[in-house]
Amino acid sequence: MTSTSRHSTTRTATPVLVRHAAGRGTLGGVGLVLAGALSVQFGSAFAALLFPRAGALGVVALRVTLAAVLLLVITRPRLRGHSRADWAVAGGFGLALGGMNVLFYQAIDRIPLGAAVTLEVLGPLLLSVVVSRRAAGLLWAGLALAGVCLLGWGAFAQLDVVGVAFALSAGGMWAAYIVLNARAGARFPRLDALAIAMAVAALVSLPLGIGASGATLLEPAVLALGLAIAIMSSGVPYTLELLALRRLPAATFAVLTSLAPAVAAMAGYLVLDQGLSPSQCAAIALVVAASAGAVRTAAAEAKTRPSRGGSCRPPTEESAAFHAGSAAH
């Protein structure tokens, strides 16, 4: 669900990621990515524990609103000097971000966390297959389909149909988030686009949360837990992932984020007591493998795709962008 963003030391400088030499820096980068994934998925698991008290809509409203406040305070985005087209893209980015969070929290309110993330990751996976336009993409799509079929035939066969629909819809919004994230990043400097999008997402989710949970959202204990979830699901992962991108190739980063379904299943097991059968583990493994393979295919295409000048295009962050948004929920 990764949150990669282009950043620079000034508003006009070309974004550059300074990478450390291989060795300890690479191992440290791997550790940062895994730590970020753990923070995101355990944040979602702890959010589910708050559902009985504040409801899924109330929790997502708290999580997104508090994350928006933190981002706005830290980044202080520049609001002047942007065209209507810029604001339209930022607005669409925010709607995708808000919709992804609302739908995902509705999903984990009805089905196990591991199953929800496994189904949701199909959105960016299919996007990467479509963008790559390679025959290998069909292999990864087929492998993911096999995982989903196994998920349905195994012990998850009793999954709530509405929950499954919410998870798949969240995946669709995740794919839209990735596309709009790239477009907004080209129009707004640093983390400005993400901060503005999170504010829009808060405007979408907050009325729903207030309508569903009312004054419960203002209880000190609920607010404190909501802040902790926002930090675990946004603040910590965004920071760790940006640091990781300084140490790792984008393709390696993206492959590591493909482990999200497995990490989510572990968080669901440890925090929510959601057990895993052998068939469930196999299904999650197939989707993880398909997601990683699709990312590698996209990265290979990025290396060999000719540029306008006829030379080969150097590797970029686009392979990592296929999994942008994991920290957004």
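Structural data are supplied above this passage.
Residues numbered from 1 in each chain as written. Predicted model: local features only at pLDDT ≥ 70, side-chain atom pairs only at ≥ 80, totals over all residues. Heavy atoms only, no water.

Asker: Before we go on, may I ask you to explain helix 10 (residues 260-272) in this structure?
Answerer: An α-helical turn contains 3.6 residues, so any two residues separated by three or four positions project in the same direction. A rise of 1.5 Å per residue sets the reference length of helix 10, with its 13 residues, at 18 Å; its end C-alpha atoms lie 17 Å apart and thus fit the reference within 8%. Note on helix 10: the residue one or two positions beyond its end, Asp273, has a positive phi of about 60°. (Helix = DSSP H or I, 4+ residues; strand = E, 2+ residues; numbered from the N terminus. Expected span 1.5 Å × (residues − 1).)

Asker: I tried to follow the side chain of Ser234 on my own but got confused; where do I start?
Answerer: With respect to the helices and strands, Ser234 occurs in helix 8 (residues 220-244). Side chain to side chain, Ser234 and Arg63 meet in a polar contact 2.8 Å long. (Polar contact = N/O pair within 3.5 Å; in protein donor to acceptor, adjacent residues only side chain to side chain.)

Asker: How should I be thinking about the packing of aromatic side chains in this particular structure?
Answerer: Ring pairs (aromatic) are described by centroid distance and by the angle formed between their planes. This model, assessed by the stated rule, comprises four aromatic pairs. A ring pair is formed by Trp87 and Phe188, whose centres lie 5.8 Å apart and whose planes are at 70°; its orientation type is edge-to-face. Here Phe188 lies in the loop between helix 6 (161-187) and helix 7 (192-213) and Trp87 lies in helix 2 (residues 84-108), a separation of 101 residues in the sequence. Seen from their ring centres, Phe104 and Tyr105 are 6.1 Å apart, and the 70° between their planes marks the pair as edge-to-face. Among the aromatic side chains, those forming a connected cluster through ring pairs are Phe51, Phe104 and Tyr105. (Phe/Tyr/Trp six-rings, centres within 6.5 Å; stacked < 30°, edge-to-face > 60°.)

Asker: Would you explain the environment of Asp192 in this entry?
Answerer: By the secondary structure assignment, Asp192 is in helix 7. Note on Asp192: relative accessible area 0%, which makes it buried. A C-alpha to C-alpha distance of 9.6 Å links Asp192 and Ala90, two positions 102 residues apart in sequence. (Buried < 20%, exposed > 50% of the residue type's maximum accessible area, 1.4 Å probe, protein only.)

Asker: What's the story with unusual backbone geometry in this structure? I'm lost.
Answerer: If a residue is not glycine, its phi is most likely negative; likewise, a peptide bond is most likely trans. Phi angles above zero are rare outside glycine, and Arg76 is one such case at about 45°. Within the secondary structure layout, Arg76 lies in the loop between helix 1 (24-75) and helix 2.

Asker: Where do I start with the environment of Cys149 in this structure?
Answerer: If you trace the backbone, Cys149 turns up in helix 5 (residues 135-153). Judged by its relative accessible area of 29%, Cys149 falls in the partly exposed class.

Asker: When you look at the packing of helix 3 (residues 113-120) against helix 10 in this model, what are you seeing that I'm missing?
Answerer: Each pair of packed helices can be summarised by the angle the axes make with each other and by the distance between the axes. Between helix 3 and helix 10, whose axes approach to 7 Å, the crossing angle comes to 165°. Considering their axes alone, helix 3 and helix 10 lie roughly antiparallel with respect to each other. By crossing handedness, the relation of helix 3 to helix 10 is classed as right-handed. Residues Leu113, Gly114, Val117 and Thr118 of helix 3 form the contact with helix 10, whose participating residues are Ala260, Pro261, Ala264, Ala265, Ala267 and Gly268. (Axes fitted to C-alpha atoms, helices over the stretch in contact; angles between N-to-C directions. Parallel < 35°, antiparallel > 145°, perpendicular 65-115°, else oblique. Left-handed = near helix turned anticlockwise from the far one by under 90°. Contact = heavy atoms within 4.5 Å.)

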